[in-house]
Amino acid sequence: MTDTAKRQQARNDRRDNQRVFAFSVVVAIAVMLGALLYFYAADKRGEGPSHEASPPASQVQGGAQAPATAAPAVPPK
């Protein structure tokens, strides 16, 4: 390989390396933006009105349960 061909090959290699680096930077920025948008969307989903997982006990049993007492009954001595 001649000296000029070696210099031209080195110049082409440098240019290719710069392109690969620029492409990698663009991909890294796109991945970071995608992650930020995902976390923003996931956070917004949690800000909606809260939905109860299960209805209160009075609705489950049709309100037929005995009323709760404030303190447990003490047995007489």
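The structure under discussion appears in the preceding block.
Rules used throughout
- Residues numbered from 1 in each chain as written.
- Predicted model: local features only at pLDDT ≥ 70, side-chain atom pairs only at ≥ 80, totals over all residues.
- Heavy atoms only, no water.
- Helix = DSSP H or I, 4+ residues; strand = E, 2+ residues; numbered from the N terminus.
- Buried < 20%, exposed > 50% of the residue type's maximum accessible area, 1.4 Å probe, protein only.
- Areas by Shrake-Rupley, 256 points an atom, 1.4 Å probe, with all protein chains shown as cover.
- Salt bridge = Lys/Arg side-chain N within 4 Å of Asp/Glu carboxyl O.
- Patch = residues over 30% accessible without salt bridge, like charges linked within 9 Å, V, L, I, M, F, W, Y side chains within 5 Å.
- Phe/Tyr/Trp six-rings, centres within 6.5 Å; stacked < 30°, edge-to-face > 60°.

(A) Spotlight on the overall build of the chain. Counting its secondary structure elements, the chain contains 2 helices and 0 strands. Taken over 77 residues, the chain has a buried fraction of 0%. Counting only carbon and sulfur atoms, one obtains 62% of the accessible surface of the chain, whose full area is about 7,500 Å².

(B) Representation of the pattern of salt bridges. Tallying each qualifying case throughout the model produces 2 salt bridges. The partner of arginine 19 in a salt bridge is aspartate 16, with the nearest N and O atoms 4.0 Å apart. Of the two residues, arginine 19 and aspartate 16 both sit in helix H1 (residues 3-45), 3 residues apart, roughly one turn of that helix.

(C) Spotlight on a nonpolar patch on the surface. Where nonpolar side chains cluster on the molecular surface, the patch consists of Phe21, Val25, Ile29, Leu33 and Leu36 and spans about 500 Å² of accessible area. Judged by relative accessible area, which is 47%, isoleucine 29 ranks as partly exposed.

(D) Structural detail: the packing of aromatic side chains. Taken as a whole and assessed by the stated rule, the structure comprises 1 aromatic pair. Summarising the aromatic geometry, the rings of tyrosine 38 and phenylalanine 39 are spaced 5.5 Å apart at their centres and angled 65° between planes, so their arrangement reads as edge-to-face. Accessibility expressed as a relative area gives 57% for phenylalanine 39, which makes it exposed.

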